[in-house]
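So you can see what is in the structure, the chains are spelled out below.
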Amino acid sequence: MEKQKAKAILEAILFTMGESVEIDRLASVIEEDNKTTKEILEEMAQEYQNSDRGIELTTLDNAVQLCTKGDYYEYLIKIAKTPKKFVLTETLLETLSIIAYKQPVTRLEIEKVRGVSCDHAVNRLLEFDLITEVGRLDAPGRPLLFGTTEQFLRSFGVKSLEDLPELNPVQIEEFKMQAESEIEMQLDI
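Note that the coordinates shown come from a computational prediction; the quantities given were computed from them, not determined experimentally.

J.: Explain a nonpolar patch on the surface residue by residue, including any values.
T.: A cluster of nonpolar side chains, namely Tyr73, Leu76, Ile77 and Ile79, defines an oily patch on the protein surface of about 380 Å² accessible area. Structurally, the position occupied by Tyr73 is in helix H4 (residues 73-79).

J.: Tell me about the packing of aromatic side chains, and name the residues and values.
T.: This structure, assessed with the given rule, holds two aromatic pairs. Their ring planes at 40° and their centres at 6.4 Å tell us that Tyr72 and Tyr75 sit as a pair that is tilted. Tyr72 sits in the partly exposed class, given a relative accessible area of 27%. Ring plane angle 40° and centroid distance 5.1 Å describe the contact between Phe152 and Phe156, whose orientation is recorded as tilted. Of this pair, Phe152 and Phe156 both sit in helix H8 (residues 150-156), four residues apart, which is roughly one turn of the helix. Overall, the relative accessible area of 4% leaves Phe152 in the buried class. For Phe156, a relative accessible area of 37% translates into the label partly exposed.

J.: Describe the pattern of salt bridges, naming the residues involved and giving the relevant values.
T.: Within the structure shown, the criterion is met by eleven salt bridges. Glu22 is the salt-bridge partner of Arg25, the closest N and O atoms lying 3.3 Å from each other. The partly exposed category is assigned to Arg25, whose relative accessible area is 45%. Looking at Glu22, the relative accessible area reads 34%, which means it is partly exposed. Taken together, the shared-partner salt bridges in this structure form one network comprising Lys3, Lys7, Glu43 and Glu47.

J.: Account for the sheet that holds strand S3 (residues 63-68), with residues named and values stated.
T.: In space, the three strands of this open sheet follow the order S1-S3-S2, with antiparallel pairing throughout. Two strands close off the open sheet at either side, each with one partner strand: strand S1 (21-22) and strand S2 (55-60). Bridging between S1 and S3 involves two bridges; their strand directions are antiparallel. Looking at S3, one finds that Glu22 is bridged to Ala63.

J.: Report on the confidence of the model for the protein chain, specifying residues and quantitative values.
T.: The predicted model of the protein chain has a mean per-residue pLDDT of 84, with 88% of residues at 70 or higher. The secondary-structure element of the protein chain with the lowest mean pLDDT is helix H9 (residues 169-188), recorded at 66, while strand S5 (residues 144-148) shows the highest, at 94.

J.: Requested: an account of the environment of Leu130, with residues and values cited.
T.: Structurally, the position occupied by Leu130 is in the loop between helix H7 (119-127) and strand S4 (131-136). Separated by 18 residues in the primary sequence, Leu130 and Thr148 have C-alpha atoms spaced 5.8 Å apart. Leaving out residues up to four positions away in the same chain, Leu130 has contacts with Phe86, Leu88, Leu96, Leu125, Gly147, Thr148, Thr149, Gln151, Phe152 and Ser155.

J.: If you had to explain the pairing of S3 to someone new, which residues and values would you point to?
T.: For S3, the buried fraction is high: five of the six residues fall into the buried class. The pairing of S2 with S3 spans six bridges and is antiparallel. Within S3, the position partnered with Thr59 by the bridge is Val64. In textbook terms, the turn of a hairpin is the stretch between consecutive antiparallel strands, and for S2 and S3 this stretch comprises two residues, one of which, Asp61, has a positive phi near 50°.

Conventions adopted
- Residues numbered from 1 in each chain as written.
- Predicted model: local features only at pLDDT ≥ 70, side-chain atom pairs only at ≥ 80, totals over all residues.
- Heavy atoms only, no water.
- Patch = residues over 30% accessible without salt bridge, like charges linked within 9 Å, V, L, I, M, F, W, Y side chains within 5 Å.
- Areas by Shrake-Rupley, 256 points an atom, 1.4 Å probe, with all protein chains shown as cover.
- Salt bridge = Lys/Arg side-chain N within 4 Å of Asp/Glu carboxyl O.
- Helix = DSSP H or I, 4+ residues; strand = E, 2+ residues; numbered from the N terminus.
- Phe/Tyr/Trp six-rings, centres within 6.5 Å; stacked < 30°, edge-to-face > 60°.
- Buried < 20%, exposed > 50% of the residue type's maximum accessible area, 1.4 Å probe, protein only.
- Pairing = 2+ DSSP bridges.
- pLDDT = per-residue confidence, 0-100.
- Contact = heavy atoms within 4.5 Å.

As structure tokens, this is what we get:
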């Protein structure tokens with residue numbers, strides 16, 4: 001297939017879908033292998049980046065999405081209603097961090113790290129589409145396993161979980177101390 005036609009097809013698909021699409025699915029549509037499709041997508045990404053366009057290609061793991069360039073967000077606000085914003089409290093952020101770094105993880109494992117019940121936090125994170133159920137643990141009761149979503153990657157500006165900052169031992173000790181103080185505060189109530 002002619003490269004320009006392949007680019008037009010990919011652009012049409014990504015525009016219409018409005019969400020990320022796996023590269024292997026795109027490759028099958030344009031009848032190319034994954035390597036060639038990736039090269040075409042990289043070329044498209046460069047073209048969007050180098051031209052004065054309002055869109056860009058974002059790669060998330062093995063998928064791509066057509067997105068608005070961040071520089072033009074303020075103009076979108078003028079025309080569109082303000083998107084629903086969610087507030088991540090300290091509790092939600094702590095729970096999300098545990099899930100991001102330990103996934104797949106059960107509620108019980110999250111509660112062991114935090115030292116307190118996490119039902120509300122997990123439910124809110126599911127509602128915000130930052131985490132999702134990724135399966136069940138092969139153990140008695142078959143508890144749900146949770147992991148992060150593509151929305152998590154987009155919200156925090158990382159392209160894959162490997163891009164998350166590494167925790168150093170001092171931070172881990174601080175997290176443990178904070179969790180212990182939370183337990184003590186709850187026991188005093």
